[in-house]
Structure formats: structure tokens, C-alpha cells
Amino acid sequence: MINTFDEPTLILIIIFMGLVTYIPRVLPIVLLKEVKLSPFWNSFFQYMPYCALSALIFPNVLYSTDSMASAIFGTSIAIILAYKRVNVIIVIFGAILGVYIFQNFLSSILAL
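S.K.: Looking at this structure, I do not really get helix α1 (residues 7–31). What am I missing?
M.R.: An α-helical turn contains 3.6 residues, so any two residues separated by three or four positions project in the same direction. For α1, built from 25 residues, the straight-helix expectation of 36 Å at 1.5 Å per residue is met to within 8% by its first-to-last C-alpha distance of 35 Å. The axis of α1 is deflected most strongly, by about 35°, at I23, and proline P24 appears within four residues downstream.

Here's what the structure looks like:
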């Protein structure tokens, strides 16, 4: 059986869901705006988004193609291009091109 809500109940649910997600994001900013962190913690929090994004993306990258070898090849190209500080669009297209080249040309040569 499908639960249906009337319009006022649905609006209240949306408002409370918004509050529940908004409060934990705003509270640290409001309560800790005067706190000065050490250089270590500043650099730690500066790199945190990259670490979280990497942890979310990397496992899915390995299974993004039919062959894990082609995914690793494309990821390697992306890492090399990113290390050379190339534009992110070029990194993405380089990884896609690497996977394409591996799947269509190199896999038959390497017999993977």
C-alpha cells in the first residue's frame, strides 16, 4: 500500500527535512567562526574535500568499464595529466581516450 500525504503534511515534512540538513552545516560556522586553527589543521581541512571526493569516486572508476585493465589504464592517464596540472576537461577527455584506445587497440595486442 502506498502512503499518501496531504499537502500541509508534505510541506511540513519538506521544511523539517531542510532544517535537519541545514542546521549541522551552519552550526559549526556560527559557533566556531572565532576559533583560530593551527597551520596543521588548516592544511588538513583544506585537503579534506579532495580526499572525500577521491574516496567516493575511485572505487566506481575501477568498475566503470567491462575490463578493469582498461579502467586502470584510463585512470593512470588521468592521474598523469592531473599531476602535470592540465585543465580538468583535458584530464577527463584524456582518460576517456585512454580507455577507448585500450579497449579497441591495446587489449587485442596484450590479449586481455
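S.K.: Even after reading the chapter, I still don't get the confidence of the model for the protein, so can you show me in this structure?
M.R.: Residues shown with low pLDDT carry predicted positions that ought not to be read at fine detail. Confidence in the prediction of the protein, expressed as mean pLDDT, is 89, and 96% of residues score 70 or more. In the model of the protein, helix α2 (residues 39–62) stands out as the element of lowest mean pLDDT, 86, in contrast to helix α3 (residues 68–83), which has the highest, 94.

S.K.: I keep staring at the side chain of S70 and nothing clicks. Help me out?
M.R.: Here S70 is to be found in helix α3. Of note is the side chain of S70, whose polar atom sits 2.9 Å from the side chain of T65. If we ignore the near neighbours within four places in the chain, the residues touching S70 are T65, V99, F102 and Q103.

S.K.: Would you mind showing me how to read the packing of α2 against α3 here?
M.R.: Helices that pack against each other are described as a pair by the angle of their axes relative to one another and the distance between those axes. One way to put it is that α2 packs onto α3 with a least axis distance of 8 Å and a crossing angle of 135°. Relative to α3, the element α2 lies oblique. Touching F58, V61 and L62 of α2 are M68, A71, I72 and T75, all from α3. Broken down by class, the residue content of the contact of α2 with α3 amounts to 6 nonpolar, 1 polar and no charged.

S.K.: Help me understand the packing of α3 against helix α4 (residues 88–110) in this model?
M.R.: Here α3 crosses α4 at 145°, and the two axes come no closer than 8 Å. Read as a crossing pair, α3 and α4 show a hand that is right-handed. Residue-level contacts link A69, S70, F73, G74, I77, A78, L81 and A82 of α3 to I90, V91, G94, A95, G98, V99, F102, Q103 and L106 of α4. Residue classes in the contact of α3 with α4 are distributed as 12 nonpolar, 5 polar and no charged.

S.K.: Honestly, the environment of V99 in this entry has me stumped. Any pointers?
M.R.: Considering the arrangement of structural elements, one finds V99 in helix α4. The spatial distance from the C-alpha of V99 to the C-alpha of D6 is 50 Å, given a sequence separation of 93 residues. Sequence-distant contacts of V99, that is, excluding residues within four places in its chain, are made with T65, S70 and G74.

S.K.: How should I be thinking about the packing of aromatic side chains in this particular structure?
M.R.: Working definition: an aromatic ring pair is given by the centre-to-centre distance plus the angle between the planes. The tally for this structure, following the rule as stated, stands at 7 aromatic pairs. Centre to centre, the rings of F40 and W41 are 5.1 Å apart; their planes meet at 75°, and the pair counts as edge-to-face. When its relative accessible area of 40% is taken as the criterion, W41 is described as partly exposed. Note on W41 and F44: the rings are 5.3 Å apart at their centroids and 85° apart in plane angle, and the pair reads as edge-to-face. Here W41 pairs with F44, and both are found in helix α2, just 3 residues apart, close to one helical turn.

S.K.: Would you take a moment to explain the side chain of T75 for this structure?
M.R.: Examined against the element boundaries, T75 turns out to sit in helix α3. With residues near it in sequence (within four places) discarded, T75 still touches F58 and V61.

Rules behind the numbers
- Residues numbered from 1 in each chain as written.
- Predicted model: local features only at pLDDT ≥ 70, side-chain atom pairs only at ≥ 80, totals over all residues.
- Heavy atoms only, no water.
- Helix = DSSP H or I, 4+ residues; strand = E, 2+ residues; numbered from the N terminus.
- Expected span 1.5 Å × (residues − 1).
- Bend = angle between axes of the 7 residues up to and from the residue.
- pLDDT = per-residue confidence, 0-100.
- Polar contact = N/O pair within 3.5 Å; in protein donor to acceptor, adjacent residues only side chain to side chain.
- Contact = heavy atoms within 4.5 Å.
- Axes fitted to C-alpha atoms, helices over the stretch in contact; angles between N-to-C directions.
- Parallel < 35°, antiparallel > 145°, perpendicular 65-115°, else oblique.
- Nonpolar A, V, L, I, M, F, W, Y, C, P; charged D, E, K, R; others polar.
- Left-handed = near helix turned anticlockwise from the far one by under 90°.
- Phe/Tyr/Trp six-rings, centres within 6.5 Å; stacked < 30°, edge-to-face > 60°.
- Buried < 20%, exposed > 50% of the residue type's maximum accessible area, 1.4 Å probe, protein only.

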